[in-house]
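Residue-level structural notes
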Amino acid sequence: MRIAVLGTGMVGQAVAARLDQLGHDVTLGTREPDETRTRTATDRMGNPGVGTWLEQHPSIGLATFAAAAGAAELVVNATNGSASLEVLDQAGADNLAGKVLVDIANPLDFSQGFPPTLFVKDTDSLGEQIQRAFPDTRVVKTLNTMNASLMAHPETLAGGDHSVFVSGNDEVAKKTVAELLTSIGHTDVIDLGDLSTARGTEMLLPVWVRLMNKLGTPSFNFKIVR
Ligand SMILES: NC(=O)c1ccc[n+]([C@@H]2O[C@H](COP(=O)([O-])OP(=O)(O)OC[C@H]3O[C@@H](n4cnc5c(N)ncnc54)[C@H](OP(=O)(O)O)[C@@H]3O)[C@@H](O)[C@H]2O)c1
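Figured I'd write up the structure that's included with this text. This is a predicted model, so every value here is computed, not measured. Here the residue index of a chain counts from 1 through its sequence in written order. For this predicted model, a pLDDT threshold of at least 70 governs which residues receive local features, and a threshold of 80 or more governs which side-chain atom pairs are given and counted, while totals over whole chains, interfaces and linings are taken from all residues. Excluding hydrogens and water, the side-chain values take into account all heavy atoms of the structure.

Now for the overall build of the chain. Each helix and strand counted, the chain has 11 helices and 10 strands in total. With the radius of gyration taken over C-alpha atoms, the globule rule is written as 2.2 Å times the number of residues to the power 0.38. The globule rule puts the C-alpha radius of gyration for 226 residues at 17 Å, and the 16 Å found for the chain is close to it. For the chain, the spread of C-alpha atoms along the principal axes amounts to about 45 × 40 × 35 Å. Throughout, a residue-residue contact means that at least one pair of heavy atoms, one from each residue, lies within 4.5 Å. Considering only contacts in the chain between residues 6 or more positions apart, those separated by 24 or more positions represent 71%. In the structure as shown, the chain presents an accessible area of about 10,400 Å², 52% of it carried by carbon and sulfur atoms. Taking the 18 positively charged and 26 negatively charged side chains of the chain as two groups, their mean positions are separated by 5 Å. Only runs of H or I of at least four residues qualify as helices and only runs of E of at least two qualify as strands under DSSP, and these elements are numbered from the N terminus. The Shrake-Rupley method, run with a 1.4 Å probe sphere, supplies the accessible areas, and residue values consider only the shown protein chains as cover. The positive count covers Lys and Arg only, the negative count covers Asp and Glu only, and His and the chain ends enter neither. Charge placement uses NZ in Lys and CZ in Arg. For Asp and Glu, CG and CD serve respectively.

Glancing now at the environment of His153. Its place among the elements puts His153 in the loop between helix 8 (148-152) and strand 9 (163-168). We call a residue buried when its accessible area falls under 20% of the maximum for its residue type, exposed when it is over 50%, and partly exposed in between, using a 1.4 Å probe and counting protein chains only. Taking relative accessible area as the criterion, His153 reaches 28% and is therefore assigned partly exposed. For the pair formed by His153 and Thr30, sequence separation is 123 residues and the distance between their alpha carbons is 24 Å. In this structure the side chain of His153 is engaged in a polar contact, spanning 2.9 Å, whose partner is the side chain of Glu155. Polar contact criterion, stated in full: a pair of N or O atoms within 3.5 Å, where within protein one must be able to donate a hydrogen and the other to accept it, and residues adjacent in sequence count only if both atoms are side-chain atoms.

The next thing to look at is helix 5 (residues 84-91). All of the buried residues along helix 5 are Ser84, Val87, Leu88 and Ala91. Across the axial projection of helix 5, the buried residues extend over an arc of 95 degrees, all falling on one side. Along helix 5, exposed side chains directed more than 90 degrees from the buried face belong to Glu86 and Asp89. Gly92 lies just past helix 5 and shows a positive phi near 100 degrees. This arc is taken over the directions from the axis of the helix to the C-beta atoms.

In structure tokens form, the structure reads like this:
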């Protein structure tokens, strides 16, 4: 499948690399491709800059948000939650119309430091805000409740025996996403229902960040025992 992964951070890189490995035709979306390629400095976690990462992944393309989305059959939103609506505006409603949008973004507000708060919650969610802004796009919220490396390689923790949630209004879109998740290696895909259920998974983030603080690692996940 031709897939646009909008976002060049840890999530965009991890998901793009895994989808590329599975044989999909993947292009990352970014604001300024030429500028993005110049980002070669290693970050404080020891990860290469995205410019270096792109050199290491020559089969993955880089384009503007609009060009990447326009050419894709399926689009992934792996952008900063505070910028997601703006990014999707740049991608263009026409380029997103009719397509499945896998929304991984979280509505985290770091303006008051750590732990972050949620800039939308309880009676609304970022996933629903995106769906309202792009009514012709089929938004499916998923993967936002685990760290980037587990999204792409669930098998590295407990043999993949942990859970991933799916929320969306379009049953066919959710089925497409569930199949994609299964192909990545997710073994327990829980369809929570319509997109309003994304309120619940986005509101898991306050628990997730406190667990990360306590455990001293992002390498853990929720497993729903029933
Ligand atoms: N990190 C994780 O393990 C994790 C886990 C679960 C969910 N998430 C969620 O996944 C999303 C991506 O996280 P991340 O850590 O990979 O990266 P991030 O640093 O949150 O976002 C990076 C992306 O956001 C874009 N962006 C940032 N500010 C922008 C602005 N003002 N206008 C337009 N674009 C802007 C950047 O565009 P450029 O490419 O142009 O710079 C870049 O592509 C976030 O919503 C995060 O909450 C992350």
